Amino acid sequence: MAQSVGPRLYSCCNCRNHVGLHDDIISKAFQGRTGRAFLFSHAMNIVVGPKEDRHLLTGLHTVADISCADCNEPLGWKYERAYESSQKYKEGKFIFEKAKIVKEEDW
């Protein structure tokens, strides 16, 4: 009989609250404040902070910092608006800093 496999999850590095699904990763080739970062299409169990304009490597964006809903650990940001047409695909997506999330070990 085949073993049932659940969703592959990423969790907050501080409290292990589930914040993202592996299947929602769009890219692992992003740069965050602390180094490598992942672009996710969706996020869960997070708090979205106030919007602000920020100059990033790819130009001006309106972003909102995101943090863990359980422990308030800063995790990355949400792209609210991209001003460059080539960056519009990021709108509504989430950046998780690789150093701030952990891959759950059951996969």
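The coordinates are above.
Note that this is a predicted model, so its numbers are computed, not measured. (Residues numbered from 1 in each chain as written. Predicted model: local features only at pLDDT ≥ 70, side-chain atom pairs only at ≥ 80, totals over all residues. Heavy atoms only, no water.)

Per the secondary structure count, the protein includes 0 helices and 9 strands. Ordering the α and β elements of the protein from the N terminus gives β-β-β-β-β-β-β-β-β. Computed over C-alpha atoms, the radius of gyration of the protein comes to 14 Å, within 12% of the 13 Å expected from 2.2 N^0.38 for 107 residues, which places it in the range of a compact globule. Projected onto its principal axes, the C-alpha coordinates of the protein cover approximately 50 × 30 × 20 Å. (Helix = DSSP H or I, 4+ residues; strand = E, 2+ residues; numbered from the N terminus. Rg over C-alpha atoms; globule rule 2.2 N^0.38 Å.)

Bringing the pattern of salt bridges into the picture now. Within the structure shown, the criterion is met by 7 salt bridges. Arg16 is paired through a salt bridge with Glu104; the nearest N and O atoms lie 3.2 Å apart. One end of the pair, Arg16, is in the loop between strand S1 (9-12) and strand S2 (18-21); the other, Glu104, is in the segment after strand S9 (101-103), and 88 residues separate them in sequence. A salt bridge links Lys88 to Glu91; the shortest N-O distance between them is 3.3 Å. You can call Glu91 partly exposed: its relative accessible area is 29%. Overlapping salt bridges bring together Arg33, Glu52, Arg54 and Asp65 as one network. (Salt bridge = Lys/Arg side-chain N within 4 Å of Asp/Glu carboxyl O. Buried < 20%, exposed > 50% of the residue type's maximum accessible area, 1.4 Å probe, protein only.)

Read these as geometric descriptors, not functional statements.
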